[in-house]
Every structure is written in C-alpha cells, then in structure tokens.
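Next come the chains, spelled out residue by residue.
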Amino acid sequence: MKDELASLIERIANRDRRAFEELYRLTSRKMFAVAMRIVREPGVAQDVIQDSYIRLWRYAHTFNAKLSAPETWLHQVVRNRALDLISQQGHALNCISIDQFADDEDGESNALFEEHGHHADEGDSGQVMRDCVQKLEGKYRQVLTLAYNHGMSHAEIADHLDVPLGTVKTWARRGLIELKAVYDQYQSELTALSLAAVNKHRQDAEHPGFMA
C-alpha cells in the first residue's frame, strides 16, 4: 500500500486525474476520521477533507518519499488544514469524552472506562477536560494532547517524541487512568458544592421569614 500511494502521489504531481480519484478512494475515509478527531463536526470535517485534497492536488510535487511515508504526509496535510480552520473560524471543540483520547487501533481505553463504569456526561465541556489534562504529569499530558488535539496515532506519537511505541502506549494508558482520577475528583467536588447549596437552601427555607 505504501508504494502504491507513493506512486499515485507521483502521478498526481504530473496532473493525473485518475490517480487523484484512486488516491481519494483509498484514503479519504481514514483522512475523514483524522479530521473528525480534531474538529468533531462532520460538516467541518468534510470541509477539511475537501480543502486538504485540493492542496494535495496543488502540492503533490512537494512530497518526498525519502522523508515521509505517503500516508503520514497526507495525515499532516489534513491535520494542518483542520487546525488552520479551527484558528480561522474560532471554532470551539465539542464536548470531549475521556475515551476519545485513546488510539482507535488499540481499543484499550474503552474497556478501561467501561470496567470502571465511567461514561462522560454529554454536558461536559471541552474546557473542563482540557483543565483536567493540564493537571497531569508532563509525559502523560503530552501524549494525550498529541492524540486528541493533533489526531496522532500511537505510532505517530512515538516517531514525534522519538520514544518506543510500547512506551507511548504505556504513557497513554497510565495517562487515561490519571485523567479519570482527576476528572472523578472534579465531579466529586462539583457534587459536594451542589449538596452544600441544597442544604443551605433547606436551612434558609426553615428560617422564619424565608421567601422562595
């Protein structure tokens, strides 16, 4: 597949439309998933894909198979366009589920959080989750941020950080465990505040002269 994609990109550089159509057929579904992991909205992700393949058509001649695998290069085109679009439109990320930080190829995090009976509430804001991530140890924070904000797979993160793939997977799993603990602490504090508010309201209601 690697050689086939590289050959298609080379033909696209020579303005071969059939090669472009074949490359789109082979890669667009996976690239759409990459875009979705960043922008979280199907309509926006589709815009990212359209713009990315237009750029690929224009700049296919810049691809160098000696420097990058074709799919990695295409991933970068899509990620860059998605991040550009977010910046240009001031696009706010949608609600973040904790298990969305995981690498799809493993499926470990889903089992981890189902085991603990944890499911992120649809009302959780992206800002709350980002605040929780910022409380993690540096290496865990970095891996989860690269996975979510930049749509990188574990293998890509390993290349980016120049560490073994097994190390990245370990950091991701431990980071998810730590993230769950931080998030659960946040939920506990929020529940405590809510109960305190309810108790205060009850005490006020029992006080003479209270008006609801």
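Residues numbered from 1 in each chain as written. Predicted model: local features only at pLDDT ≥ 70, side-chain atom pairs only at ≥ 80, totals over all residues. Heavy atoms only, no water.

**Q** Outline the packing of helix α1 (residues 2–13) against helix α2 (residues 17–39), listing residues and values.
**A** The relative placement of two packed helices comes down to the angle between their axes together with the axis-to-axis distance. It is at 8 Å that the axes of α1 and α2 come closest, and there the two elements cross at 145°. Two packed elements cross with a definite hand, and for α1 against α2 that hand is left-handed. Taken together, the residues of α2 that come into contact with α1 (itself represented by E4, L5, L8, I9, R11 and I12) are R18, A19, F20, E22, L23, L26 and T27. For the contact of α1 with α2, the residue count by class is 8 nonpolar, 1 polar and 4 charged. (Axes fitted to C-alpha atoms, helices over the stretch in contact; angles between N-to-C directions. Helix = DSSP H or I, 4+ residues; strand = E, 2+ residues; numbered from the N terminus. Left-handed = near helix turned anticlockwise from the far one by under 90°. Contact = heavy atoms within 4.5 Å. Nonpolar A, V, L, I, M, F, W, Y, C, P; charged D, E, K, R; others polar.)

**Q** Summarise the environment of I86; cite the residues concerned and give the values.
**A** Within the secondary structure, I86 is located in helix α4 (residues 70–89). A relative accessible area of 18% places I86 in the buried class. Sequence separation of I86 and V39 is 47 residues, and the distance between their C-alpha atoms is 7.2 Å. (Buried < 20%, exposed > 50% of the residue type's maximum accessible area, 1.4 Å probe, protein only.)

**Q** How would you summarise the pattern of salt bridges if you had to cite specific residues and measurements?
**A** Inspection of every chain in the model, using the stated rule, returns 6 salt bridges. A salt bridge links E156 to R79; the shortest N-O distance between them is 3.5 Å. Highlighted residues: E156 in helix α8 (residues 154–161) and R79 in helix α4, separated in sequence by 77 residues. Looking at E156, the relative accessible area reads 11%, which means it is buried. (Salt bridge = Lys/Arg side-chain N within 4 Å of Asp/Glu carboxyl O.)

**Q** Tell me about the confidence of the model for the protein, residues and numbers included.
**A** Put simply, the protein has an average pLDDT of 75, and 69% of its residues get 70 or more. Looking across the protein, the model is least confident in helix α5 (residues 108–115), with a mean pLDDT of 40, and most confident in α1, with 93. For the stretch residues 90–100, pLDDT sits under 50, and the model shows 39 contacts to residues farther than four places along the chain or on other chains. The low-confidence segment residues 102–125 (pLDDT under 50) makes 39 contacts with residues lying over four places distant or belonging to another chain. (pLDDT = per-residue confidence, 0-100.)

**Q** Any details on the nonpolar core? Residues and values, ideally.
**A** As a rule of thumb, soluble globular proteins bury nonpolar side chains together. Residues I12, L23, V39, V48, L56 and V78 are the most contacted members of the largest nonpolar core, which totals 29 residues. Those elements that place two or more of their residues in this core are α1, α2, α3 (42–59) and α4. Tallying contributions element by element places α2 first for this core, with 8 residues. Residues in contact with L23, not counting those within four places in the same chain, are L5, L8, I9, I12, S28 and L56. Core analysis: the next-biggest nonpolar cluster, separate from the first, contains 20 residues, V143, A147, A158 and L179 among them. (Core = buried A, V, L, I, M, F, W, Y, C linked by side-chain atoms within 4.5 Å.)

**Q** Lay out the packing of α2 against α3 in plain terms, naming residues and giving numbers.
**A** The interhelical angle for the contact between α2 and α3, taken along N-to-C directions, is 140°, at an axis separation of 9 Å. Viewed along their axes, α2 and α3 adopt a mutual orientation that is oblique. Once α2 is placed against α3, the crossing between them reads as right-handed. Contact with α2, carried on its side by R17, F20, L23, Y24, T27, S28, M31, F32, A35, M36 and V39, involves P42, V44, A45, Q46, V48, I49, Y53, L56 and W57 of α3 and no other residues of that element. (Parallel < 35°, antiparallel > 145°, perpendicular 65-115°, else oblique.)

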